[in-house]
Amino acid sequence: MLDASAVVELLQGHPMMMTMLADALAGWINMLLPASAIAEAQAAVRLPASTWDHILRLHGTVVLDLTGRNALEVGIFASPRLEHHPVQPLLTGPLMAGHVLQEAVETKAVIFTRIPELYGGHDVAVRAI
């Protein structure tokens, strides 16, 4: 299971991660990549989508999607980390905002929010509530 920092190290050729990749390619292990770790890694490294397409098709690479039920469990784990976070106020997570933006663009939906400034600078319709 790779977190975002391990995904970045994989992308940068860290020796331990290259050994793990070789093991995955040989079919000895699976490299488990949670979708949120991929998103956070991409926010840090900004690779072209074509590079990710190649990486995510590699044998032994398994993307763990964030389903509705998993999202609830993730929220339970994340809550204490965000409750008193010195920088990240609740309900303003950059990955959440990015996900909402991506889905709004893809579906041409209006974003309803109490915090419209999260979506400023993007070509999406936003409605403050």
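Thresholds applied
Residues numbered from 1 in each chain as written. Predicted model: local features only at pLDDT ≥ 70, side-chain atom pairs only at ≥ 80, totals over all residues. Heavy atoms only, no water. 1 Å grid on protein atoms, 1.4 Å probe; cavity = no way out; pocket = protein on both sides within 12 Å on 5 of 7 lines; lining within 4 Å. Points joined across faces, edges and corners; volume = space filled by probe spheres on them. Helix = DSSP H or I, 4+ residues; strand = E, 2+ residues; numbered from the N terminus. Nonpolar A, V, L, I, M, F, W, Y, C, P; charged D, E, K, R; others polar. Core = buried A, V, L, I, M, F, W, Y, C linked by side-chain atoms within 4.5 Å. Buried < 20%, exposed > 50% of the residue type's maximum accessible area, 1.4 Å probe, protein only. Contact = heavy atoms within 4.5 Å.

Draft legend 1. Focus on the layout of surface pockets. Each pocket or cavity is described by its volume, and for the largest pocket that value is around 1400 Å³. Taken together, 32 residues form the lining of the largest pocket, with Ser36, Glu40, Val74, Leu95 and Met96 sitting closest to its centre. Of all the secondary structure elements, the ones that give two or more residues to the lining of the largest pocket are α3 (35-45), α5 (68-83) and α6 (94-107). Among the residues making up the lining of the largest pocket, the classes are represented as 19 nonpolar, nine polar and four charged.

Draft legend 2. View of the nonpolar core. Formed by 15 residues in total, the largest nonpolar core has its most connected members in Leu2, Val7, Leu10 and Met31. Among the secondary structure elements, those contributing two or more residues to this core are α1 (4-11), α2 (15-25), β1 (31-34) and α3. The leading source of residues in this core is α1, at five residues. With near-sequence residues (within four places) excluded, methionine 31 lies in contact with Leu2, Leu10, Met20, Leu21, Ala24, Gly60, Thr61 and Val62. Core analysis: the second largest hydrophobic core is formed by six residues, Leu101, Ala104, Ile111 and Val124 among them.

Draft legend 3. Up close: the environment of proline 116. Counting through the fold element by element, proline 116 comes out in the loop between β3 (111-113) and β4 (126-128). With a relative accessible area of 29%, proline 116 lands in the partly exposed category. The spacing of proline 116 and alanine 128 is 12 residues in sequence and 5.9 Å in space, taken between C-alpha atoms. The residues touching proline 116, leaving out its near neighbours within four places in the chain, are Val126 and Ala128.

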